[in-house]
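Fold and contact review
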Amino acid sequence: MSKFNPVAAPHTHSGTSTTNIMYLVVLALSPAALYGIWLFGVPALTVFLSCCLSALVTELICLQLQKKSWQLAVDGSALLTALLLAMSLPASTPWWVAAFGCSFAICLGKHVYGGLGHNPFNPAMLGRVMLLICFPVELTNWQAISIPELSASGLVFSQAWMGIDGVSAATPLADLQQISQWKELLLGQHAGSMGETSALLIALGGLFLIWRGIIRPYIPCALLMGLLLPASIAHLINPNVYASGLAHLLSGGAMLGAFFIATDMVTSPTSPRGQILFGAGCGLLIWLIRSFGSYPEGVAFAVLIMNASTPVIDHYLKPKVFGSQSVFKRNKGAQ
């Protein structure tokens, strides 16, 4: 009898890879990112390019120091981190601030823990919180939109769109109680970070990821409901103090957090029950921080806090092992 030496485990492969997943997420984010550049112009493009270039350079340096292949720098993970961080920043953010935040996210948010798959916190949100603490003025200077106008001679680009004499404006998060322009919130035609550009485009991108099976709907649905329910209840009790649930959902980075940030496979729980608890916790924390905290936005803080709880959630809400005694008893009782 000849000896059989299997070269690899006898498992089927779905055909997907980390690189494919990363670039599909980037593709889903691209419409909202391009729309943000259309609304804010050259300053927004500068922020995107600064984040992408600094992410690539920092990734290559970290891989070189760890003696890993440079090809890992183009697996899409660094690009996705750069894109998420850029979309969470105001368009008026200085290029060097954006570059510093992205380098921090890649180096200390990702590689210091061992690289992709080992980081306990979402790198983009770690960079966002660091920048907010270190550069509060730059990260709360919201640029007003400056959409190019169509005339008989063609498109007319304003000086603000070209990055000259930009005008500051208040983000809707600064006064949620007064929000009534739902169309502006849905289409993102207001001051804010580039991730607030269009709740509609971001939601469509998230639905695309669910359709392709990249993410599951547990976290997005739980996060949105965890934000909607307490906001709606508080609004019913005192509408003069608390904004409506719909205002919370469509403003700020709620949609971006629900579909693209909280769903990070590395930093979120693995079981359906764990993901529901994780998403609901994120939504509740976002509402609490927005309503009672010092900062008008709470997505980054909420996600990082729940990232820290992921190991505990996975420990207590892990699925039963197939063939275990509890599963056997349950199946026997069902018969």
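In this text the structure is predicted, and so the values were computed from the model without any measurement. (Residues numbered from 1 in each chain as written. Predicted model: local features only at pLDDT ≥ 70, side-chain atom pairs only at ≥ 80, totals over all residues. Heavy atoms only, no water.)

We now examine the overall build of the chain. In terms of helices and strands, the chain carries 13 helices and two strands. The proportion of buried residues among the 335 residues of the chain is 48%. Contacts in the chain between residues far apart in sequence, at least 24 positions, make up 74% of those at least 6 positions apart. Summing over all exposed atoms, the chain offers an accessible surface of approximately 17100 Å²; the carbon and sulfur share of this is 67%. (Helix = DSSP H or I, 4+ residues; strand = E, 2+ residues; numbered from the N terminus. Buried < 20%, exposed > 50% of the residue type's maximum accessible area, 1.4 Å probe, protein only. Contact = heavy atoms within 4.5 Å. Areas by Shrake-Rupley, 256 points an atom, 1.4 Å probe, with all protein chains shown as cover.)

What follows deals with the pattern of salt bridges. Side chains that carry opposite charge are capable of pairing whenever their charged atoms lie near each other. Considering all chains together, one arrives at two salt bridges under this definition. Here Lys-110 ties to Glu-59 by a salt bridge, and the two come within 2.9 Å at their closest N and O atoms. Placement of the pair is Lys-110 in the loop between helix H4 (95-107) and helix H5 (123-134) and Glu-59 in helix H2 (residues 42-65), with a sequence separation of 51 residues. (Salt bridge = Lys/Arg side-chain N within 4 Å of Asp/Glu carboxyl O.)

Glancing now at the state of the cysteines. What the rule picks out here adds up to zero disulfides. Its sulfur unpaired, Cys-51 is 4.6 Å from the next cysteine sulfur, which belongs to Cys-102. (Disulfide = S-S within 2.5 Å.)

Our focus in this paragraph is H2. Helix length check: H2, at 24 residues, gives a terminal C-alpha distance of 34 Å against a target of 34 Å (1.5 Å per residue), a fit within 8%. Here H2 has its buried residues at Pro-43, Ala-44, Val-47, Phe-48, Ser-50, Cys-51, Ser-54, Ala-55, Thr-58, Glu-59, Cys-62 and Leu-63. Of the surrounding secondary structure, the elements contacted by the buried residues of H2 are helix H1 (18-40), helix H3 (77-87) and H4. Just downstream of H2, Lys-67 is the residue with a positive phi angle, here 55°. (Expected span 1.5 Å × (residues − 1).)

Turning next to the environment of Ser-17. Turning to its location among the elements, Ser-17 is positioned in the segment before H1. C-alpha separation for the pair Ser-17 and Asp-75, spaced 58 residues apart in sequence, amounts to 9.5 Å.

Once that is clear, we can look at the packing of aromatic side chains. The tally for this structure, following the rule as stated, stands at six aromatic pairs. Ring geometry for Phe-100 against Phe-135: centres 6.3 Å apart, planes inclined by 85°, an arrangement best described as edge-to-face. Residue Phe-100 is found in helix H4, and its partner Phe-135 is found in the loop between H5 and strand E1 (149-151); the two are separated by 35 residues along the sequence. Looking at Phe-100, the relative accessible area reads 42%, which means it is partly exposed. Here the aromatic rings of Trp-287 and Phe-292 are separated by 5.6 Å at their centres, their planes lie at 90°, and the arrangement is edge-to-face. Trp-287 gets classed as buried once you look at its relative accessible area, which sits at 9%. (Phe/Tyr/Trp six-rings, centres within 6.5 Å; stacked < 30°, edge-to-face > 60°.)

Positive phi is not limited to glycine here, since Lys-67 has a value of about 55°. By the secondary structure assignment, Lys-67 is in the loop between H2 and H3. What makes Lys-67 exposed here is its relative accessible area of 77%.

A few words on the environment of Gly-195. If you trace the backbone, Gly-195 turns up in the loop between helix H6 (182-187) and helix H7 (199-211). On the accessibility criterion, Gly-195 (2% relative accessible area) is buried. For the pair Gly-195 and Ala-86, spaced 109 residues apart in the sequence, the C-alpha separation amounts to 8.0 Å. Excluding residues within four positions of it along the chain, Gly-195 makes contact with Met-87, Ile-202, Gly-252 and Leu-256.

Orientation of helix H11 (residues 272-292) relative to helix H12 (residues 299-316), taken along the N-to-C sense of each, is 150°, at an axis distance of 9 Å. It follows from the interaxial angle that H11 and H12 lie roughly antiparallel. The two elements H11 and H12 cross, and the hand of that crossing is right-handed. Residue-level contacts link Gly-274, Leu-277, Phe-278, Gly-281, Cys-282, Leu-285, Ile-286, Ile-289 and Arg-290 of H11 to Val-299, Phe-301, Ala-302, Val-303, Ile-305, Met-306, Asn-307, Thr-310 and Ile-313 of H12. Here the contact of H11 with H12 is composed, by residue class, of 13 nonpolar, four polar and one charged. (Axes fitted to C-alpha atoms, helices over the stretch in contact; angles between N-to-C directions. Parallel < 35°, antiparallel > 145°, perpendicular 65-115°, else oblique. Left-handed = near helix turned anticlockwise from the far one by under 90°. Nonpolar A, V, L, I, M, F, W, Y, C, P; charged D, E, K, R; others polar.)

Shape is all these values report; function is a separate question.
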